[in-house]
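Here's the letter readout for the chains.
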Amino acid sequence: MNFPYVEYTWLGYGTVIAIIAIIHVIISHGVAIGTSVLTVSLEYRAFKTENEKLDELAKTMAKWVLIITTTVGAMTGVGIWFSTTVIQPDSIGALLRIFFWAWVTEWIVFITEVVILIIYYYTWDSWKSPEKKKKHINLGISLSVASWLTMAIITGVLAAKLTPGKWIDTFSFWNAFLNPTYLPSLGFRMFLAMMLAIVVVAFLLRLFVKDLSLREEAFKVFGVWGAISLPMTFILGLWYLWSIPEQAYDMIVWSTGMTENTFKIINGLAFLILIVFLVWLIRSPKTVPIILSLAVFGASIGFIGEFEVVRESIRKPFIIYDYMYANGLLYQNQEKINEEGYLAHSTWIMEKEITEENKVEVGREVFAGQCLSCHTIDGWREKRALGKRLVGWDEEALKTYIPTMHNVRVAMPPFMGTEEELDALVAYLKKEIDEVNGVKEVSQSE
Amino acid sequence: MNNLPISPDNVLPIPAPIGLLEFLIILTFIMHILFVNLTISLSAGAVGLEITGRIKNNSLLDKMAQSCSFHASVHKSIAVVLGVAPLLIISVIYTQYFYSSTILIGKMWLNVIVLLIIAFLLLYVYKFMWGKWQEKKVLHISVGFVAMLILLFIPLIFIVNITSMIYPERWIDVRGFFASLFYYPEIWQRYLHFILASLASGGFYMFLYYSYKSWKGNNLKDYEQTLKLFGAKVAFWVTVLQLVAGFILLFSFKTDVRILFLGEDLLLTTLLVLSIVLTIVLCIFLFLAGYKDSFKSFTVSLAIFVLIVGIMGWMRHEVRESYLSPYLEKYPRTEQLSIQSDDIG
């Protein structure tokens with residue numbers, strides 16, 4: 001363990017990261033990119049058709065884009081970084097070094113995006129003459145381009161975690177950035193962003209805009225974008241699926257926690273609803289039922305959540321594929337640690353000798369260093385909460401299981417350490433298992 | 001110093017010459033912190049003016065407050081985005097220190113996200129509801145007040161982090177934010193220095209903004225003219241206080257570092273003296289601004305301000321380097337790629 005650790009005993013590491021990441025994806029994709037595009041599209045149409053009301057509507061949307069992206073959007077973006085620093089320091093440390101200049105570029109684009117957004121909103125009323133309005137629309141277009149660029153950069157980093165490609169051998173920036181899933185995942189994400197925005201904004205307009213003809217105008221524009229985006233999301237999604245490693249591919253269904261059939265039915269249904277919604281939007285924009293827009297709204301948010309969870313999970317046992325395991329240990333160091341011991345390589349474990357007295361304590365630290373990234377003792381995800389899951393396992397069973405666990409459950413990295421360290425881990429686990437279940441018995445008898 | 005929990009550096013090399021990165025961190029941090037200063041002081045200023053305006057039943061003060069709140073809400077967005085670069089660089093060149101100090105206050109560190117989201121959303125409510133909530137003043141003031149409290153609290157989290165990162169020999173004993181708050185030396189002195197700097201920058205900003213506006217040929221409205229002079233006055237008095245607060249901070253440093261600024265190190269001593277002299281000069285300009293305002297004094301004071309801020313940012317970096325220098329030697333950073341890595345990343 002190179003660093004100290006914090007514990008999220010109930011949530012678990014994965015959930016903390018997932019909450020922040022999912023909120024951020026919804027906003028960065030759906031609001032910053034998708035809604036910006038829709039907003040300028042509406043503004044443009046309002047300009048062409050001299051529709052004052054539509055222009056007002058676009059302005060209201062711009063205001064919400066401003067409010068949401070500069071608060072929840074920006075802070076959850078920084079938040080992903082904050083949370084990975086606290087929870088996965090080795091991995092974010094490596095990523096920052098590999099992609100440093102990408103991040104610097106991203107930073108410049110990000111500043112540009114926010115500054116344009118501020119100007120775009122606050123000049124809406126003062127740039128009114130046709131000349132100025134054209135300029136304003138162009139500003140909106142550059143806003144969309146800037147938001148897209150931030151995605152184009154950060155996707156390189158995200159994709160490299162799953163498919164670092166040649167980087168593993170060359171350690172070259174461009175090999176890492178232009179990795180095998182970069183293009184498909186970028187394409188997939190950008191059209192997904194459009195779909196998400198269409199669905200979310202349509203739902204809100206359906207709720208809050210009472211003027212039927214205004215809503216119709218807006219929905220027509222959404223319909224055009226939808227007709228492009230839905231097929232593209234589908235096609236690029238397939239390309240993306242094809243380009244991920246086989247071992248990861250096999251974990252997709254598993255990582256959602258559903259059975260194969262449920263997975264197919266749920267995702268198929270969601271896709272079907274989307275098609276129905278889109279056709280309705282195009283054929284009869286005035287009569288889109290509120291129930292339908294609610295359903296696609298839910299389906300899309302669900303899909304984004306699923307996408308994030310899957311993307312994070314199928315990388316297991318790695319956090320940077322073939323290079324670093326989810327617990328921060330390097331793939332190449334396994335033999336060395338088995339020989340020299342995990343304690344010898346853990347700055348933050350103060351005990352370097354294992355004795356009968358400190359055995360459980362050391363075990364706790366080994367657990368924190370090697371298992372906490374995916375497990376809790378008593379957290380809400382019962383499958384990952386070892387205290388609950390391992391009821392009835394005795395020390396012998398644990399001791400034979402752990403050294404082979406990565407073969408039994410391929411999502412797990414191998415245990416790294418000496419015989420004594422394994423003993424310590426087992427002693428700690430046994431104590432926790434007893435405690436969790438001891439507590440349970442007491443509370444049941446009460 | 002043998003058993004300090006300073007980890008070996010990440011095996012991947014630091015992706016640029018360290019000197020360049022040090023330059024960039026000073027530069028980008030200054031830009032970031034300036035906007036942070038403005039966000040905090042203008043929010044506090046807005047709330048303060050609004051409350052005074054209500055007590056005195058003075059609509060001029062209310063207008064001044066509204067102007068502050070508008071600027072605060074724009075600057076907060078820029079403050080956040082500008083913060084990304086220094087955070088990136090500190091993570092890359094001080095990985096061994098900054099990560100540990102961050103994780104030691106890990107939960108509070110993550111709370112920053114939630115707290116800032118709340119504060120920023122409140123700032124929008126505060127700004128956009130100014131007109132609509134004229135009849136609900138108490139509610140409106142409370143919204144601004146809560147945002148202000150959060151904004152005044154957040155810097156403490158950052159200060160604890162960057163103070164703790166230069167004290168690796170103290171890491172073992174204390175964990176968690178609140179414990180650290182009263183454990184590491186210098187924290188409250190840094191906080192005082194920072195808050196005063198914020199207030200001074202906020203006042204100075206308002207002075208500059210409206211000077212610029214009138215110089216561009218706009219006739220300043222009553223409240224704008226008042227706010228401009230009020231800004232200069234705040235900047236002046238706070239900066240006078242800052243001269244004291246600066247010394248309090250200097251004397252809270254550990255002796256080895258303090259004496260560097262007091263003659264031991266020529267560069268640092270020069271920087272310190274220069275910053276004090278410039279600050280006094282700036283004070284004179286600010287004082288005079290109350291009596292006559294010319295465009296010349298505007299540009300000169302702006303130039304001096306930029307210089308002072310630059311020197312402050314540079315000194316701040318040198319303080320950290322001085323604290324860390326013994327460790328930096330003993331626990332080297334990875335500057336070159338070694339494919340045959342022999343330590344754990």
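Residues numbered from 1 in each chain as written. Chains lettered and ligands numbered in written order. Predicted model: local features only at pLDDT ≥ 70, side-chain atom pairs only at ≥ 80, totals over all residues. Heavy atoms only, no water.

Draft legend 1. Molecular detail of the overall build of chain A. Across its full length, chain A holds 19 helices and two strands. Along the first, second and third principal axes, the C-alpha set of chain A runs to 80 × 50 × 40 Å. Expressed as a percentage of its 446 residues, the buried residues of chain A come to 58%. Taking contacts inside chain A between residues at least 6 apart in sequence as the whole, the part at least 24 apart equals 73%. When the accessible surface of chain A is summed, it comes to about 19100 Å², and 65% of that surface belongs to carbon and sulfur atoms. In chain A, 38 side chains carry a positive charge and 45 a negative one; their mean positions are 14 Å apart. (Helix = DSSP H or I, 4+ residues; strand = E, 2+ residues; numbered from the N terminus. Buried < 20%, exposed > 50% of the residue type's maximum accessible area, 1.4 Å probe, protein only. Contact = heavy atoms within 4.5 Å. Areas by Shrake-Rupley, 256 points an atom, 1.4 Å probe, with all protein chains shown as cover. Lys, Arg positive; Asp, Glu negative; His and termini not counted. Charge placed at Lys NZ, Arg CZ, Asp CG, Glu CD.)

Draft legend 2. Representation of the overall build of chain B in the model. The helix and strand inventory of chain B stands at eleven helices and zero strands. Secondary structure elements of chain B occur, N-terminal to C-terminal, as α-α-α-α-α-α-α-α-α-α-α. In summary, chain B has a C-alpha radius of gyration of 22 Å against a globular reference of 20 Å for 345 residues, a match within 12%. The buried share of chain B, reckoned over its 345 residues, is 58%. In chain B, of all internal contacts separated by at least 6 residues, the share reaching a separation of at least 24 is 79%. With an accessible surface of roughly 14700 Å², chain B has 68% of that area assigned to carbon and sulfur atoms. Side chains of chain B carry 25 positive and 20 negative charges; the gap between the two charge centres is 15 Å. (Rg over C-alpha atoms; globule rule 2.2 N^0.38 Å.)

Draft legend 3. Structural detail: the interface of chain A and chain B. Every contact between the two is made by 58 residues of chain A and, on the other side, 64 residues of chain B. Summed over both sides, the interface between chain A and chain B buries roughly 5300 Å², with carbon and sulfur atoms accounting for 76% of that surface. The interface formed by chain A and chain B holds one salt bridge in total. At the junction of chain A with chain B, the criterion picks out 13 residue pairs in polar contact (both at pLDDT 80 or more). Every element with two or more residues in the side of chain A that touches chain B is listed here: helix H1 (13–49), helix H2 (52–87), helix H3 (89–98), helix H4 (100–122) and helix H14 (334–340) of chain A. By residue number, the principal contributor to the side of chain A that touches chain B is H2(A), which donates 16 residues. For the side of chain A that touches chain B, the residue count by class is 40 nonpolar, 13 polar and five charged. (Buried area = accessible area lost by both parts, 1.4 Å probe. Salt bridge = Lys/Arg side-chain N within 4 Å of Asp/Glu carboxyl O. Polar contact = N/O pair within 3.5 Å; in protein donor to acceptor, adjacent residues only side chain to side chain. Nonpolar A, V, L, I, M, F, W, Y, C, P; charged D, E, K, R; others polar.)

Draft legend 4. A nonpolar patch on the surface, seen in detail. Residues and elements named next belong to chain A. A surface patch of nonpolar side chains, amounting to about 880 Å² of accessible area, comprises Val-224, Ile-228, Met-232, Phe-234, Ile-235, Leu-238, Leu-241, Trp-242 and Tyr-249. A total of eight residues in the nonpolar patch trace back to one element, the largest contributor, which is helix H9 (residues 212–243). Topologically, Leu-238 is positioned in helix H9. (Patch = residues over 30% accessible without salt bridge, like charges linked within 9 Å, V, L, I, M, F, W, Y side chains within 5 Å.)

Draft legend 5. Summary view of the domain arrangement of chain A. Residue and element names in this part refer to chain A. Domain boundaries in chain A define domain 1 (13–322) and domain 2 (331–440). Domain 1 and domain 2 are separated by 39 Å when their C-alpha centres are compared. When residues of domain 1 are sorted by the area they lose upon contact with domain 2, Tyr-13, Lys-316 and Pro-317 head the list and together hold 50% of the total. Connecting domain 1 to domain 2 are zero salt bridges. (Domains from an automatic or database assignment.)

Draft legend 6. Structural view of empty space enclosed by the protein. Residues and elements named next belong to chain A. Under the criterion given, the structure shown has eight cavities of 30 Å³ or more. One number sums up the size of the second largest cavity: a volume of about 920 Å³. Taken together, 42 residues form the lining of the second largest cavity, with His-24, Gly-77, Ile-80, Glu-106 and Ile-154 sitting closest to its centre. Split into classes, the residues belonging to the lining of the second largest cavity amount to 22 nonpolar, 13 polar and seven charged. (1 Å grid on protein atoms, 1.4 Å probe; cavity = no way out; pocket = protein on both sides within 12 Å on 5 of 7 lines; lining within 4 Å. Points joined across faces, edges and corners; volume = space filled by probe spheres on them.)

Draft legend 7. View of the layout of surface pockets. Residues and elements named next belong to chain A. If you add up the space inside the second largest pocket, you get close to 1000 Å³. Together, 33 residues line the second largest pocket, and Phe-188, Leu-241, Phe-263, Asn-267 and Phe-303 are the ones closest to its centre. Put simply, the parts of the chain that give the lining of the second largest pocket at least two residues each are helix H8 (182–208), H9, helix H11 (252–256), helix H12 (260–283) and helix H13 (290–313).

Draft legend 8. Layout of the domain arrangement of chain B. All names here are of chain B. The assigned domain composition of chain B is domain 1 (1–9 + 17–184) and domain 2 (185–332). Each of domain 1 and domain 2 has a C-alpha centre, and these two points are 18 Å apart. Of the roughly 4100 Å² buried at the junction of domain 1 and domain 2 (both faces included), carbon and sulfur atoms supply 72%. For the interface between domain 1 and domain 2, the tally reads one salt bridge. Note that Glu-169 is salt-bridged to Lys-254, the shortest N-O span being 3.9 Å. For the pair domain 1 and domain 2, the interface holds 13 residue pairs in polar contact (both at pLDDT 80 or more). In terms of residue count, helix H1 (residues 18–55) provides more of the side of domain 1 that touches domain 2 than any other element does, 14 residues in total.

Draft legend 9. Up close: the nonpolar core. Counting 271 residues, the largest nonpolar core has Phe99(A), Phe222(A) and Tyr97(B) as its most contacted members. With 19 residues, helix H2 (residues 59–93) of chain B is the largest single contributor of residues to this core. Every residue in contact with Phe222(A), bar those within four places of it in the chain, is listed here: Leu38(A), Leu42(A), Ile198(A), Val201(A), Ala202(A), Leu205(A) and Leu281(A). (Core = buried A, V, L, I, M, F, W, Y, C linked by side-chain atoms within 4.5 Å.)

Draft legend 10. Examining the environment of Lys137(B) more closely. Residue and element names in this part refer to chain B. Tracing the chain through its elements places Lys-137 in helix H5 (residues 137–164). A relative accessible area of 8% places Lys-137 in the buried class. Taking the C-alpha atoms as reference points, Lys-137 and Glu-50, separated by 87 residues in sequence, lie 9.1 Å from one another.

Draft legend 11. A look at the pattern of salt bridges. Residues and elements named next belong to chain A. Per the stated rule, a full pass over the model turns up 25 salt bridges over all chains. The residue Glu-361 makes a salt bridge to Arg-364 at a minimum N-O spacing of 3.5 Å. Highlighted residues: Glu-361 and Arg-364, both in helix H15 (residues 359–370), separated by three residues, approximately one helical turn. On the basis of relative accessible area, Glu-361 is assigned to the partly exposed category, the value being 34%. For Arg-364, a relative accessible area of 23% translates into the label partly exposed. The salt bridge partner of Lys-388 is Glu-382, with a shortest N-O separation of 3.7 Å. On the accessibility criterion, Lys-388 (18% relative accessible area) is buried. Bridged by salt links that share partners, the residues Glu-43, Asp-55, Lys-128 and Lys-133 form one connected network.

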